[in-house]
Amino acid sequence: MVNYLAATSFVLMGLADVGQDMKEDWVQRAIAWMKSCQHDDGSWGETQASYARPELAGQGPSMPPLTGLV
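Residues numbered from 1 in each chain as written. Predicted model: local features only at pLDDT ≥ 70, side-chain atom pairs only at ≥ 80, totals over all residues. Heavy atoms only, no water.

Asker: Please clarify how unusual backbone geometry should be interpreted in this entry.
Answerer: As a rule of thumb, non-glycine residues mostly have phi less than zero, and peptide bonds are mostly trans rather than cis. Positive phi, close to 50°, is recorded for N3, a residue that is not glycine. The topology assignment puts N3 in helix α1 (residues 3-17). Look at N3 and you get buried, because its relative accessible area is 18%. (Helix = DSSP H or I, 4+ residues; strand = E, 2+ residues; numbered from the N terminus. Buried < 20%, exposed > 50% of the residue type's maximum accessible area, 1.4 Å probe, protein only.)

Okay, structure coming up:
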């Protein structure tokens, strides 16, 4: 798993598990960001270059494991 999409997914799952209100604005912004990164075919991907270049967050070739997580 790589960086931003995976980390955001894990945080959102944890928040839901502890009963966080998932309709809070800051949670919805995280969800909207993730949706904005989704490829046209429904998949997600992210390159390892996003570690050094944050502007690449959520961008990259489709990754089946990441798609399954997100």
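Don't stop here, the text continues.
Asker: Before we go on, may I ask you to explain the nonpolar core in this structure?
Answerer: Nonpolar side chains in soluble globular proteins generally cluster together in the buried interior. Among the nonpolar cores identified, the biggest contains 10 residues, and these are L5, A6, L12, L15, V27, M34, C37, W44, L66 and L69. Here this core takes four residues from α1, the largest share from any one element. Once you skip the residues sitting within four places of it in the chain, L15 turns out to touch Q20, M22, W26 and V27. (Core = buried A, V, L, I, M, F, W, Y, C linked by side-chain atoms within 4.5 Å. Contact = heavy atoms within 4.5 Å.)

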